[in-house]
Amino acid sequence: MKEQIYTIPVTETVDRINENGECTCLLCSLYKKLEDDELNLILGASMMEPDIRIKTNKEGFCRKHFDMMLTMKNKLGLALMLQSHIDEVRNTVFPKEGLFSPKNKCDASLKPLEEHTKSCYICGKVDFHLGKMAETIVYLWEHEEEFAKKFSKMPYFCVEHYRLLLQTGVYKLPKNKQNDFYTAVSSIQKAYINSLYDDVSWFCKKFDYRFEDEPWGNSKDSCERAVKFLS
Ligand SMILES: [Zn+2]
Ligand SMILES: [Zn+2]
């Protein structure tokens, strides 16, 4: 049996999506929960923990996660974290002799800058746990018939998480089960992308005066759903 810390949120989220008839990607839902938990931890319980501070100082945050932290209540927590992070950036991203020293070369500055711009503490943590959850999904699909049945009722997986699921299937499943897994996931995708195409097409048609009075059907939120699916 897989670790409980991943099994419980996975099965609970699958049940919730099915019971409420939510039109959402399972892994996007899990991602959102992991992200919220990490953000609350980072500005709450973990904020003053020295080993976490060392990591946030080094890894920093992406723009999206900084923006989310700016909207949260604990401004002092954020400021304290920024204070030590700025100090770290000052000492590592900018060359020791100082940014404007004539001895500095552009190319020598690039490596630390590249490292700085590509890492985010929250993205790193969330991606790690989401990877484990994808493994749990594949494990449960392989070993628990009841779960596989519920999984087959998922409305869709966004393209990014479809990739993650297939990739996880390839390295976690025995060869003889990979095709079945591919069929299970891709049939969900095929049905959804076809209905999405029809809905967006109908949305476009509604701008033609001849269809003006026709009902919107499922097309009203089709652009929003297409963006969620594709990105
Ligand atoms: Zn997704
Ligand atoms: Zn991030």
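Placed above this text is the structure.
Residues numbered from 1 in each chain as written. Chains lettered and ligands numbered in written order. Predicted model: local features only at pLDDT ≥ 70, side-chain atom pairs only at ≥ 80, totals over all residues.

## Quick notes on the overall build of the protein chain
- For the protein chain, the count of helices and strands is 11 helices and zero strands.
- For 231 residues, the compact-globule formula gives about 17 Å, and the C-alpha radius of gyration of the protein chain, at 23 Å, lies well above that figure.
- Along the first, second and third principal axes, the C-alpha atoms of the protein chain reach 65 × 55 × 40 Å.
- For the protein chain, with 231 residues in total, the buried portion stands at 19%. (Helix = DSSP H or I, 4+ residues; strand = E, 2+ residues; numbered from the N terminus. Rg over C-alpha atoms; globule rule 2.2 N^0.38 Å. Buried ≥ 20, exposed ≤ 12 C-beta atoms within 10 Å, placed from the backbone.)

## A few points about helix H11 (residues 222–230)
- What H11 keeps buried is the set Ser222, Arg225 and Phe229. What you see down the axis of H11 is that its buried residues fit within an arc of 60°, all on one side. Turned more than 90 degrees from where H11 packs its buried face, Glu224, Val227 and Leu230 sit exposed.
- Summarising the contacts, the buried residues of H11 are in contact with helix H9 (159–172) and helix H10 (175–205). (Arc of directions from axis to C-beta. Contact = placed C-beta atoms within 7 Å.)

## Section: the environment of Gly60
- Secondary-structure assignment places Gly60 in the loop between helix H3 (50–59) and helix H4 (63–70).
- Counting along the chain gives 87 residues from Gly60 to Phe147, while the straight-line C-alpha distance between them is 38 Å.
- When residues no more than four places from it in sequence are discounted, the contact partners of Gly60 are His85, His116, Ser119, Cys120 and Tyr121.

## Some thoughts on the environment of Leu196
- Looking at the element boundaries, Leu196 is found in helix H10.
- For Leu196, a count of 19 C-beta atoms within 10 Å translates into the label partly exposed.
- Separated by 30 residues in sequence, Leu196 and Ala226 place their C-alpha atoms 6.8 Å apart.

## Some thoughts on the nonpolar core
- Counting 23 residues, the largest nonpolar core has Val10, Leu26, Ile137 and Phe157 as its most contacted members.
- Per element, the largest residue contribution to this core is seven residues, and it comes from helix H7 (residues 121–143).
- Residues within four places of Ile137 in sequence aside, it is in contact with Val10 and Leu165.
- Membership of the second largest hydrophobic core comes to six residues, among which are Ile42, Leu43, Tyr121 and Ile122. (Core = buried A, V, L, I, M, F, W, Y, C linked by C-beta atoms within 7 Å.)

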